[in-house]
Amino acid sequence: MTDSTYSQPVTSRTGECQLRIDGISAFYGEAQALRDVTLRLNSQEIVAILGSNGAGKSTLLRVLTGLLKHRQGRITFKGEDISGKEPDAVIKKGIASVPEGRELFGPMTVHDNLLLGAYTLDKQKRKELNDARLKMIFDLFPVLRDRLGQRADTLSGGEQQMLALGRALMANPVLLALDEPSLGLAPMMVATMMKTLKRLCKDYGLSILLVEQNAKAAIEIADYVYILERGEVRVEGAACSIMDDASLQRAYFGG
Amino acid sequence: MFISETIQYAISGITSGSIYAIVGICWSTVFLISGVLNFSTGEFVMLGGMLTWLFISWGFSLLPAIFFGVACTVIVAMLMERIVIRPVRYPSETTFLLITTAAGSVIRGIVLIACGSDTRHIEPFLGSSPIMIGDAVLLPQVIIVVSVLVLIAGGLVMFLDHTLFGKALRASSINQVGARLIGIKINRVRLFCFGLAGGMGAIAGIVIAPIEFTGYSVGLMEGLKGLVVALLGGWTIRGTVVAGLALGLLEGLGAGFISTGWKDALALFVMLTFLIIRTLDLTSIKKLVYRHE
Ligand SMILES: Nc1ncnc2c1ncn2[C@@H]1O[C@H](COP(=O)(O)OP(=O)(O)O)[C@@H](O)[C@H]1O
Ligand SMILES: [Mg+2]
């Protein structure tokens, strides 16, 4: 694979830069999982991060959300350096996430899981926002309304994905960082989920950093795409240019 | 005669059972949040009683003495989390067992040096004129002990189920990664839970002191029995309350009708039986049998 052939200069994108990840390297013990990863995301953009299993996608989100300390590089969000901040500081800045494995509170009710999503908001803000947020979430995922009193671990895989996304939305974020929200969904549901993400971006003005193995589904809704390979950015480009590229099609989208 | 004797033993059983239940809740409060079996839990009970006695002996009246006794124990518990537990580089159950046991010995030693080895007594809060139930004697202090259990257990359930911070505590005990990602500061939660356990343990030690005396070493048995009922109760509040009262009753009736010497042995016997039954791995036993055939 020859790299950078497909890369476009980052500056060709319009819009105000919201998130900038600059030369991030991260390690698990001595094993390097991210090598000098640089990417940016503009406001109200959907940026997809694709790559095969073990490429380092989840690691990148772990660094962004503050779960994993990186060794080099810088993360800037809305002009402010947030690298190395603890998860609670990151979510307060407006970055909410759906992590790998969902990390829901299984024995607690759907309602409690959602309410806990707003944990970092101050009391006043919670009062103002909670009802409207819940309404918005039920509007996006009507099934959650019927499941409100049920334990989270009794939901189906798809419903748990919705709940995890709902919980993230309760924090009133500016940017959503999602780790494989299509994982374990039936094909029909994947399309619905992607449509929902597009709606969040268009109607609610959110930006989305979308980690996916399901490249086909993600690229449909993405504005810009980065492809990770063994911890490095191999390819980047506008979604349409990547989609039109025959050799990339073969390599990453199964022909 | 037999009936009032039984009532008398039951009253004494419920009294110590209430304390076991509170101490059991202290164990779970720390264990469920941080995975630490805190073997100095009993020392919080001792500190509550001894510090309150100390403040009273310095001339404080009862309520301020109780307040300072609880406050100091809370501070000790939080310092312990901050100084002894949090800095552990390679946390494991064995490490924590050793560390907390050692911390308990240190606390006991300091109290022994500072206050001596005599047993101490706090005057009953509401005097000692008994309420008679037939021929059985019910001390007002017993009513206080049972009410404190009800308040602590009930208050905790309300707090955990109906406040956002309480829900956050439950969430932290269920899934730490998830809790951190929604912005819960897990370190603060742990610190809070150590403090809470310290406070509840101290209160238990204070309200029981007028009935059972206090002294530098009372924490050992109280702590151990708290662990027994937390285990038996499946680390839940309701389960622990039931197990605490059951163990108390068993002891009270056993001590009354059989012999006082049996009292502590009974609790340890219940714990050992329970632990052995629970850890029995039936499949490996089968394998063992088959191998020898
Ligand atoms: N907790 C961990 N400890 C050690 N190595 C890990 C851990 N998580 C991931 N890795 C390694 O880091 C690399 C990137 O993993 P990950 O970010 O999960 O990839 P992806 O999400 O793209 O599938 C892989 O080689 C993986 O084996
Ligand atoms: Mg992953």
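From a predicted model like this one, the values you see are computed outputs, not experimental measurements.

Scanning chain A from terminus to terminus reveals ten helices and ten strands. Relative to a compact globule of 255 residues, whose C-alpha radius of gyration would be 18 Å, chain A shows 18 Å and is just as compact. Counting only C-alpha atoms and orienting by the principal axes, one finds that chain A spans roughly 55 × 40 × 35 Å. Out of the 255 residues in chain A, the part that is buried amounts to 55%. Taking as baseline every contact in chain A between residues at least 6 positions apart, the subset at least 24 positions apart corresponds to 68%. Looking at chain A as shown, the accessible area adds up to about 11,000 Å², and 48% of this sits on carbon and sulfur atoms. With 32 positive and 31 negative side-chain charges, chain A shows a separation of 3 Å between the mean positions of the two kinds.

This part takes up the interface of chain B and chain A. Taken together, the contact pairs 17 residues of chain B with 24 residues of chain A. Carbon and sulfur atoms supply 68% of the area that chain B and chain A bury against each other, a total of about 1,800 Å² over both sides. When the buried area of chain B at its contact with chain A is split by residue, B:Leu164, B:Leu181 and B:Ile182 rank highest and sum to 37% of it. The interface formed by chain B and chain A contains three salt bridges. In this assembly, chain B and chain A are joined by four residue pairs in polar contact (both at pLDDT 80 or more). Put simply, the parts of the chain that give the side of chain B that touches chain A at least two residues each are α6 (164-174) and α7 (176-181) of chain B. In terms of residue count, the dominant contributor to the side of chain B that touches chain A is α6(B) (seven residues). In the side of chain B that touches chain A, the residues fall into ten nonpolar, three polar and four charged.

So, about helix α10 (residues 237-257) of chain B. Residues and elements named next belong to chain B. Taking 1.5 Å per residue, 21 residues should reach 30 Å; α10 reaches 30 Å between its end C-alpha atoms and fits that length. Considering only its buried residues, α10 is in contact with α1 (2-34), α5 (140-162), α9 (218-232) and α11 (262-279). Its side-chain oxygen at 3.0 Å from the backbone nitrogen of Gly239, Thr236 defines the N-terminal cap of α10.

Okay, the site of ligand 1 next. Neighbouring residues of ligand 1: A:Tyr28, A:Ala33, A:Ser52, A:Asn53, A:Gly54, A:Ala55, A:Gly56, A:Lys57, A:Ser58, A:Thr59 and A:Arg62. Contact with the protein chains covers 59% of the free accessible surface of ligand 1, which is 550 Å².

Attention shifts here to the coordination of the magnesium ion (ligand 2). Residue and element names in this part refer to chain A. In the first shell of the magnesium ion (ligand 2), the protein supplies Ser58 (OG) and Glu100 (OE), at 2.0 to 2.5 Å from the metal. Note that Ser58 is positioned in helix α1 (residues 57-65) and Glu100 in the loop between β6 (95-98) and α3 (110-117), a separation of 42 residues in sequence. Overall, the relative accessible area of 13% leaves Ser58 in the buried class.

A word on a nonpolar patch on the surface. The grouping of B:Phe2, B:Ile3, B:Phe257, B:Ile258 and B:Trp262 at the surface amounts to a nonpolar patch, some 610 Å² of accessible area in total. The residue B:Trp262 is located in helix α11 in this model.

Turning to α9(B), a few remarks are in order. Residues and elements named next belong to chain B. Between the first and last C-alpha of α9 there are 22 Å, a value that for 15 residues agrees with the 21 Å anticipated at 1.5 Å per step. Where α9 is concerned, the buried positions are Gly219, Glu222, Gly223, Lys225, Gly226, Leu227, Val228, Val229, Ala230 and Leu231. Packing partners of the buried residues in α9 comprise α1, α2 (41-57), α8 (186-212), α10 and α11. Two residues or fewer past α9, Gly234 is found with a positive phi of approximately 65 degrees.

As a further point, take the packing of aromatic side chains. Ring pairs (aromatic) are described by centroid distance and by the angle formed between their planes. Residues and elements named next belong to chain B. In total, this model carries 13 aromatic pairs over all chains according to the counting rule given. Here the aromatic rings of Phe31 and Trp235 are separated by 4.5 Å at their centres, their planes lie at 35 degrees, and the arrangement is tilted. Of the two residues, Phe31 sits in helix α1 while Trp235 sits in the loop between α9 and α10, which places them 204 residues apart along the sequence. Taken together, Phe55, Trp58, Phe60, Phe67 and Phe68 form an aromatic cluster joined through their ring pairs.

Residues and elements named next belong to chain A. For Glu159, the location among the structural elements is in helix α6 (residues 157-169). We classify Glu159 as buried; its relative accessible area is 12%. Looking at Glu159, its side chain comes within polar contact range of the side chain of Arg147, at 3.0 Å. Leaving out residues up to four positions away in the same chain, Glu159 has contacts with Val143, Leu144 and Arg147.

The subject of this paragraph is the domain arrangement of chain A. Residues and elements named next belong to chain A. What the domain assignment lists for chain A is domain 1 (1-7 + 14-94 + 173-255) and domain 2 (105-172). Distance between the C-alpha centres of domain 1 and domain 2: 24 Å. Of the residues lining the interface, 20 residues belong to domain 1; the matching set on domain 2 comes to 14 residues. The junction of domain 1 with domain 2 conceals about 1,300 Å² of combined surface from both sides, 74% of it contributed by carbon and sulfur atoms. Between domain 1 and domain 2 we count one salt bridge in total. Residue Arg199 pairs with Asp139 through a salt bridge whose shortest N-O separation is 3.2 Å. Our count for the domain 1 to domain 2 interface comes out at three residue pairs in polar contact (both at pLDDT 80 or more). Of all the secondary structure elements, the ones that give two or more residues to the side of domain 1 that touches domain 2 are α2 (87-92), β7 (175-179) and α7 (187-204). Ranked by residues supplied to the side of domain 1 that touches domain 2, first place goes to α7 with seven residues. In the side of domain 1 that touches domain 2, the residues fall into 14 nonpolar, two polar and four charged.

It is worth spelling out the environment of B:Ala10 at this point. Residues and elements named next belong to chain B. Among the secondary structure elements, Ala10 is positioned in helix α1. With 221 residues separating them along the chain, Ala10 and Leu231 place their C-alpha atoms 23 Å apart. The contacts of Ala10, once residues within four sequence positions are left out, are Leu249 and Leu253.

About the thresholds
- In every chain, residue numbers begin from 1 and rise along the written sequence.
- As they are written, the chains are lettered A onward and the ligands numbered 1 onward, keeping that order.
- Local features in this predicted model are restricted to residues whose pLDDT is 70 or higher, and side-chain atom pairs enter the listing and the counts only when it is 80 or higher, whereas totals over whole chains, interfaces and linings include all residues.
- Side-chain figures throughout are based on the complete set of non-hydrogen atoms in the structure, without hydrogens or water.
- The secondary structure listing takes helices from DSSP runs of H or I that are at least 4 residues long and strands from runs of E that are at least 2 residues long, numbered from the N terminus.
- To get the radius of gyration, use the C-alpha atoms; to get the globule rule, take the number of residues to the power 0.38 and multiply by 2.2 Å.
- Exposed residues in this analysis have more than 50% of their type's maximum accessible area, buried residues have under 20%, and partly exposed residues fall in between, with area computed by a 1.4 Å probe over protein chains only.
- Note on definitions: a residue-residue contact is assigned when non-hydrogen atoms from the two residues lie within 4.5 Å.
- We get accessible surface area from the Shrake-Rupley algorithm with a probe of 1.4 Å; when it comes to residues, only the shown protein chains can shield them.
- Counting rule for charge: Lys and Arg are taken as positive, Asp and Glu as negative, and neither His nor the chain ends is counted.
- Charge coordinates come from a single atom per side chain, which is NZ of Lys, CZ of Arg, CG of Asp or CD of Glu.
- For any pair of parts, buried area is found by adding up, for both, the accessible area (1.4 Å probe) each one loses once the two are put together.
- When a carboxyl oxygen of Asp or Glu is within 4 Å of a side-chain nitrogen of Lys or Arg, the pair counts as a salt bridge.
- For the purposes of these results, a polar contact is taken to be a pair of N or O atoms within 3.5 Å, where, inside protein, one atom must be able to donate a hydrogen and its partner to accept one; residues adjacent in sequence count only when each atom of the pair is a side-chain atom.
- Residue type decides the class: Asp, Glu, Lys and Arg count as charged, Ala, Val, Leu, Ile, Met, Phe, Trp, Tyr, Cys and Pro as nonpolar, and the leftover types, Gly among them, as polar.
- Expected span, for any helix, means 1.5 Å times one less than how many residues it has.
- One heavy atom within 4 Å of a molecule or strand makes the whole residue count as near it.
- Because water is not among the atoms used, a metal site may look incomplete, as its donors are only the N, O and S atoms within 2.8 Å, or 3.2 Å for Na, K and Ca.
- Patch criteria: residues need more than 30% relative accessible area and no salt bridge. Like-charged residues are merged within 9 Å; nonpolar side chains of Val, Leu, Ile, Met, Phe, Trp and Tyr are merged within 5 Å.
- Centre distance within 6.5 Å is the pairing criterion for rings of Phe, Tyr and Trp, where only the six-membered ring of Trp is used; planes under 30 degrees apart are then read as stacked, over 60 as edge-to-face, and the remainder as tilted.
- As annotated, the domain borders come from an automatic or database domain assignment.

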